[in-house]
Amino acid sequence: MRVDFQRFLFVAVLAILGYLVIPPLFFTIQSSFYVAKGFEPPSLSLKNYKDLLSTPGTGSLLLNSLWFAVGSSVVALVIGTLLAWIVERTNTPFKNLAYLSAFTSFAIPGIIKVIGWILLLGPENGLINVWLRDLLGLQKSLFNIFTMTGMIFVEGVLWTPVVFLFMAAPFRSMDPSLEESAYMSGAGIAKSFYHITLKLGLPSVLSVLLLTFVRAVEAFEIPALVGIPGGIMVLTTEIYLKLKTGLLPQYGPASAYGVVLIFFVSIGLYLYSNATRQAQKFYTITGKGFRPRLIDVGKWRYFTVALIFVLPILLVLPILVLLWSSVLPYYVKPSREALSAITLANYFSAFQSTNVVGALKNSLFISLVSATATMLLTSITAWLIIRTNIRGKWILDHLASFTLSFPSVVLGVALLLTYLKLPVPIYGTIWILVVAYITRYIPYGIRYCSPGLLQINKELEESAQMSGAPWGVVFRKIVIPLMMPSLFAGWIYVFLLSVRELTVALMLYSPGSQVISVIIFEMWDFGKTGELAAFSVSICLILVTLAVIFHRLSRRYGLQI
Amino acid sequence: MLLVRDLYKSFATGFGEVKAVDRIGFEVPRGTFFSLLGPSGCGKTTTLRCIAGLERPEKGEIEVEGVVVFSSNQRIFIPPHQRNIGMVFQSYAIWPHMNVFDNVAFPLRIGQKIQKRDVAEKVEKALALVHLEELKERPATNLSGGQQQRLALARAVVREPKLLLLDEPLSNLDAKLRDEMRVELKRVQRTLGLTTVYVTHDQTEALSMSDTVAVMNEGRIIQIEEPKRIYEHPVNPFVADFIGAANLIPGILASSEGQGNLCVVETSCGSLRCANSGKGKTGGKVLFAVKPEDIQLFSNPSESLRPGWSGKVEQISFLGGFVDYRISVGELTLRARVHPSIFFRPGEKVHLGFQSERCSVIPIDNV
């Protein structure tokens, strides 16, 4: 019977989501209230939180996290929004270039770009510093990436393409007749912009600001690779070090920090979802295929074209420096003599290592399985949420979006704790990573499935039922094929996210279950820059191909973060 | 054939429970065309979806060809895919990822094992019935509105269902196509002899196609009769207003004149005579209902055979085959519809004649 089958499905999905989401949260909170004393069993206490409050370092950790997040999100917001406006509302050429670079940049793992920037802006050998020293005849380097400013700059650059993609949508979909009716009411261009365009766009700007802020609070790559050497600690790196250095992993204090971080991120996300709801209210998409009136920038177009080229340049620079390092036996600055030393040796040695090949295989396998499982699970979840009126379906909705508030470092700790305690033998295998990625990417999967499903008229399913098809057949023959484009876009998105994921993998990997990002991290740690560069360049090639496909699809279905 | 008893279904909304279908019952004999007519939100679509099995009613019983498909007392609920009922949806619900042939073949392939050759044969027969046999290889997205409509119909009847349900199938078509499809739909129904339940808010569709019409409002059936009776003798002001844009003139039922059913209604503008006193009580408040086409216009009172009213022409709409007049009589505004050969100018004085045998009297306390 249809209704009973729905209930069965509901219970099954509820059980899976509950299993994925609740134990990690439970064990993190539990562990934050326990203190280990030598070999005695841990005891219940508030000591972790008291320490956290009384340690003088905590204040500066919080301040650093905050400053880093505010700084980088403002940088990304200003550049990204400006670019989005130029691309969508003016008649500047080369618009597709901006889109293509934004999507490509998204596909390349953050750690690769960060290492590229370190090679460019390092205080001693950073290529830009070296060139500027030679050019201007300076004794000292101009830039030092290992500072808070450096961290903010790189994080801002990393998020600029995302902000660009986010802001392009509202600029594109803003109904020009809203502005035009302001002109007709007697307002000039400036007044119309202030009273109409800006005020309509404000909720979008605010929501993107909050989102980048939240993501920067939980960022790990830059704090780890740039912050730790520069002596600038933030919450995420503190948690990481609490577990990875010292004699024993300090689960209690790490969990306490984790709970604090979840708290902050949850507040941010709550504000974000409110702001987005506001933005949705002002969303002025109509079904009509209007093209917004483009502003003629006239002579300014030289300037705006230059700005558009910011995106591809920011993307290409770190990759180019990696490409250069990858073909040299040891790193020297580019010159005519250096050209003669070019060799592919790094590529051979990188791919001869069994670790590297294993990591590639692992990454591919884990990402394939995670992406497929995530999309399968979320398509059924979305169907239950949208199409049925089962009491309690709101629980699914909440469970499915809950892991958004789990920063990846904390999710790493949480899963570590969970599978140390639960009798499920996946600790130390690649399956713990699969579970971790599915848990982490469920919200993203849902956000692809829900609009995809909402686009499908309910009557298409009902007419199949009336044709005699039971629920399973309806789902297989009607729902899945019709959702395919958004399922596929979501699948690629989750796949790319899984390939780039460093933080969770770093917390959960064990010998034999390394993945691409972990290998790059280790190579960097060991100073194997040449092999690292060769490996990174190869990865970029693969991922960029995927990104181009993703780009094609996403222009139709929109980016969801 | 189709038996609906005491059907009850409510929806929880932000403002509490709303009774969508409030204990209704009706019977549709085999091979007949039955319409549920009413304004949006009256419960007609919910009733249809309950019959289909797409909604689960709270109370009542539904029987299709002697088989109980739903019964709240016996706790029976047969899911829609096992009911063998064909349905055409408002949006047609043509599957865009299949071509014309596959759309129609779906119900056959899904059900019991049927030989491939038989599937093809049945599909071709169904497509021929709706004149789509030429288009069977076409992607379903490449069809016009009218073709999609035909395709949806072919798909609904290909399994030779016990019952055909039509949910406002013509509402998405333009006026000309709608007239064409109305005739087509009726032809297919008659050819196959299908028992049909039709949901619409358009009285023309309901009146022209049905053997029986049930007028619904706020979850209840107000009147259930053959189309002509409903049109000519609406039981209350709602039906009168909904069925045709009748002029409803409030008044008091004066004593009947003895002769058969003839009665007199006293209104603020004078008395009116009606040949169908119906159920009104003498001295009770009533509405005198007269259709625009049953008002005659004269320039001279002597032309009128019966004592009439006089009024002033306020507005004229020329609609091709007829002319629509708005005429003020005292504080009332009446609509009259006359042949274009009769012509008055705005502001002109006219005399009105009512065809008393085509008027009806509707008691107000019957609402």
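It should be emphasised that the depicted structure is a prediction, and the values quoted were computed from it without experimental measurement.

Student: Can you walk me through the overall build of chain A in this structure?
Tutor: Helix and strand content of chain A: 25 helices and two strands. Scaling as 2.2 N^0.38, a compact globule of 561 residues should have a C-alpha radius of gyration of about 24 Å, and chain A matches this with 25 Å. Dimensions of chain A, computed from the C-alpha atoms along their principal axes, are close to 75 × 75 × 50 Å. Scored against the burial criterion, the 561 residues of chain A give a buried share of 55%. At a minimum sequence separation of 6, the contacts of chain A that also span at least 24 residues come to 77%. Carbon and sulfur atoms make up 69% of the accessible area of chain A, which totals about 24800 Å². Counting 40 positive and 23 negative side-chain charges, chain A places the averaged centre of each group 5 Å from the other.

Student: Would you take a moment to explain the pattern of salt bridges for this structure?
Tutor: Side-chain pairs of opposite charge can arise whenever the charged atoms involved come near each other. If you walk through the whole model with that rule in mind, you get 26 salt bridges over all chains. Residues Arg 440 of chain A and Glu 501 of chain A are paired through a salt bridge, measuring 3.2 Å at the closest nitrogen-oxygen approach. On the criterion of sequence distance, the pair formed by Arg 440 of chain A in helix α20 (residues 431-454) and Glu 501 of chain A in the loop between α22 (471-500) and α23 (503-508) is long-range, its members being 61 residues apart. Judged by relative accessible area, Glu 501 of chain A falls into the buried class, the value being 8%. A salt bridge links Arg 49 of chain B to Glu 462 of chain A; the nearest nitrogen and oxygen atoms lie 2.6 Å apart. With one member in each of two chains, Arg 49 of chain B in helix α1 (residues 44-52) and Glu 462 of chain A in helix α21 (residues 458-466) form a pair that bridges those chains. Across the pair, Glu 462 of chain A and Arg 49 of chain B agree in class, each one buried. Taken together, the salt bridges that share partners define one network made up of Arg 215, Glu 218, Arg 440 and Glu 501 of chain A.

Student: It is not clear to me how the packing of helix α17 (residues 354-387) of chain A against α22 of chain A should be interpreted in this structure. Could you clarify?
Tutor: When two helices pack together, their arrangement is given by the angle between the helix axes and by the axis-to-axis distance. Residue and element names in this part refer to chain A. Where α17 contacts α22, the two axes come as close as 8 Å, and the packing angle between them is 135 degrees. The orientation of α17 with respect to α22, classified from their angle, is oblique. The chirality of how α17 crosses α22 is right-handed. Among the residues forming the contact of α17 with α22, the class breakdown is 16 nonpolar, eight polar and no charged.

Student: Is there a simple way to explain the interface of chain A and chain B in this structure?
Tutor: Accessible area lost upon the coming together of the parts is a frequently used measure of interface size. Taken together, the contact between chain A and chain B spans 21 residues of the former and 27 residues of the latter. Together chain A and chain B conceal approximately 2100 Å² of surface at their shared face, both sides included; 66% is due to carbon and sulfur atoms. For the pair chain A and chain B, the number of links is one salt bridge. Run the count over chain A and chain B and you get eight residue pairs in polar contact (both at pLDDT 80 or more). Contributing elements (two or more residues each) for the side of chain A that touches chain B: α1 (2-32), α21 and α22 of chain A. Of the residues forming the side of chain A that touches chain B, the biggest block, eight residues, is contributed by α21 of chain A.

Student: Can you walk me through the sheet that holds strand β21 (residues 360-363) of chain B in this structure?
Tutor: Strand pairing in a sheet is mediated by backbone hydrogen bonds. Such pairs are either parallel or antiparallel. Residues and elements named next belong to chain B. The strand order across the open sheet built from five strands is β14-β13-β12-β15-β21, with neighbouring strands paired in antiparallel fashion. At either margin of the open sheet sits one strand with a lone partner, and together these are β14 (270-274) and β21. Each neighbouring strand pair of the sheet contributes to a mean axis angle of 45 degrees, computed without reference to strand direction.

Student: Looking at this structure, I do not really get the pairing of strand β20 (residues 349-354) of chain B. What am I missing?
Tutor: In summary, the side chains of a regular strand alternate between the two faces of the sheet. Residues and elements named next belong to chain B. Across the six residues of β20, five count as buried, placing the element largely inside the fold. Two strands pair when backbone bridges link them, and strand β16 (residues 295-298) and β20 are joined in this way by four bridges, in the antiparallel orientation. If you follow Gln 296 over to β20, its bridge partner there is Gly 353. Both strand β17 (residues 309-318) and β20 contribute to a ladder of four bridges, which runs antiparallel. Looking at the pairing, Trp 309 lines up with Leu 352 of β20.

Student: Help me understand the sheet that holds strand β5 (residues 67-71) of chain B in this model?
Tutor: Residue and element names in this part refer to chain B. A sheet is described by the order of its strands in space; here five strands give the open sequence β2-β1-β4-β5-β6, paired in antiparallel fashion. Every other strand in the sheet has two partners, leaving β2 (16-28) and β6 (76-77) as the edge strands with one partner each. Here ten bridges tie strand β1 (residues 2-13) to β2, and the two strands are oriented antiparallel to one another. Bridge pairing in β2 places Ser 10 opposite Lys 19.

Student: Looking at this structure, how should I read helix α11 (residues 235-244) of chain A?
Tutor: An α-helical turn contains 3.6 residues, so any two residues separated by three or four positions project in the same direction. Residues and elements named next belong to chain A. Burial runs high along α11: eight of the ten residues are buried. Here α11 has its buried residues at Leu 235, Thr 236, Thr 237, Glu 238, Ile 239, Tyr 240, Lys 242 and Leu 243. Once α11 finishes, Gly 246 follows within two positions and takes phi at roughly 85 degrees, a positive value.

Student: So what exactly am I meant to see when it comes to a nonpolar patch on the surface here?
Tutor: All names here are of chain A. A contiguous nonpolar surface patch, about 590 Å² in accessible area, is contributed by Leu 62, Phe 263, Phe 264, Ile 267, Tyr 270 and Leu 271. It is helix α12 (residues 251-282) that provides the largest number of residues to the nonpolar patch, a total of five residues. As for its position among the elements, Phe 263 is in helix α12.

Student: I'm lost on the packing of aromatic side chains in this one. Help?
Tutor: Given two aromatic rings, their pairing is described by the distance between the two centres and the angle made by the two planes. Inspection of every chain in the model, using the stated rule, returns 26 aromatic pairs over all chains. Judged by centre distance (6.2 Å) and plane angle (80 degrees), the rings of Tyr 325 of chain B and Phe 344 of chain B are edge-to-face. Residue Tyr 325 of chain B is located in strand β18 (residues 323-329), and its partner Phe 344 of chain B is located in the loop between β19 (332-338) and β20; the two are separated by 19 residues in the primary sequence. The two residues Tyr 325 of chain B and Phe 344 of chain B agree in class, both being buried. Ring-pair connections join several aromatic residues into one group, and the members of that group are Tyr 437, Tyr 441, Tyr 444, Tyr 448 and Tyr 493 of chain A.

Student: Could you clarify how one ought to interpret unusual backbone geometry in this entry?
Tutor: For residues that are not glycine, phi is negative in most cases, and the peptide bond is trans in most cases. Residue and element names in this part refer to chain B. If you check the backbone angles, Tyr 92 has positive phi at about 75 degrees while not being a glycine. By relative accessible area, Tyr 92 is classed as buried at 5%. Its identity as a non-glycine residue notwithstanding, Glu 168 has a phi of 40 degrees, on the positive side. Residue position: Glu 168 is located in the loop between β8 (163-167) and α5 (175-192). For Glu 168, a relative accessible area of 7% puts it in the buried group.

Student: Honestly, the state of the cysteines in this entry has me stumped. Any pointers?
Tutor: One covalent bond between the sulfur atoms of two cysteine residues makes up a disulfide. Residues and elements named next belong to chain B. The full count for this structure, using the stated rule, is zero disulfides over all chains. Unpaired in terms of disulfides, Cys 274 finds its nearest cysteine sulfur in Cys 263, a separation of 4.7 Å. With no disulfide of its own, Cys 359 lies closest to Cys 274 among cysteine sulfurs, the gap being 5.8 Å.

Student: Would you explain the pairing of strand β12 (residues 247-254) of chain B in this entry?
Tutor: As judged from the six bridges shared by β12 of chain B and strand β15 (residues 285-290) of chain B, these two strands associate in the antiparallel manner. Counted as the bridge partner of Asn 247 of chain B is Val 290 of chain B from β15 of chain B.

Student: It is not clear to me how the packing of helix α10 (residues 221-230) of chain A against α11 of chain A should be interpreted in this structure. Could you clarify?
Tutor: Residue and element names in this part refer to chain A. As a packed pair, α10 and α11 sit with axes 9 Å apart at the nearest point and diverge in direction by 85 degrees. As judged from the angle between their axes, α10 and α11 are roughly perpendicular. Residues Pro 223, Ala 224 and Ile 228 of α10 lie in contact with α11, whose contacting residues are Thr 236, Thr 237 and Leu 241. Along the lines of polarity and charge, the residues of the contact of α10 with α11 split into four nonpolar, two polar and no charged.

Analysis parameters
Residues numbered from 1 in each chain as written. Chains lettered and ligands numbered in written order. Predicted model: local features only at pLDDT ≥ 70, side-chain atom pairs only at ≥ 80, totals over all residues. Heavy atoms only, no water. Helix = DSSP H or I, 4+ residues; strand = E, 2+ residues; numbered from the N terminus. Rg over C-alpha atoms; globule rule 2.2 N^0.38 Å. Buried < 20%, exposed > 50% of the residue type's maximum accessible area, 1.4 Å probe, protein only. Contact = heavy atoms within 4.5 Å. Areas by Shrake-Rupley, 256 points an atom, 1.4 Å probe, with all protein chains shown as cover. Lys, Arg positive; Asp, Glu negative; His and termini not counted. Charge placed at Lys NZ, Arg CZ, Asp CG, Glu CD. Salt bridge = Lys/Arg side-chain N within 4 Å of Asp/Glu carboxyl O. Axes fitted to C-alpha atoms, helices over the stretch in contact; angles between N-to-C directions. Parallel < 35°, antiparallel > 145°, perpendicular 65-115°, else oblique. Left-handed = near helix turned anticlockwise from the far one by under 90°. Nonpolar A, V, L, I, M, F, W, Y, C, P; charged D, E, K, R; others polar. Buried area = accessible area lost by both parts, 1.4 Å probe. Polar contact = N/O pair within 3.5 Å; in protein donor to acceptor, adjacent residues only side chain to side chain. Pairing = 2+ DSSP bridges. Patch = residues over 30% accessible without salt bridge, like charges linked within 9 Å, V, L, I, M, F, W, Y side chains within 5 Å. Phe/Tyr/Trp six-rings, centres within 6.5 Å; stacked < 30°, edge-to-face > 60°. Disulfide = S-S within 2.5 Å.

Remember, this is a structural readout, not a statement about activity or role.
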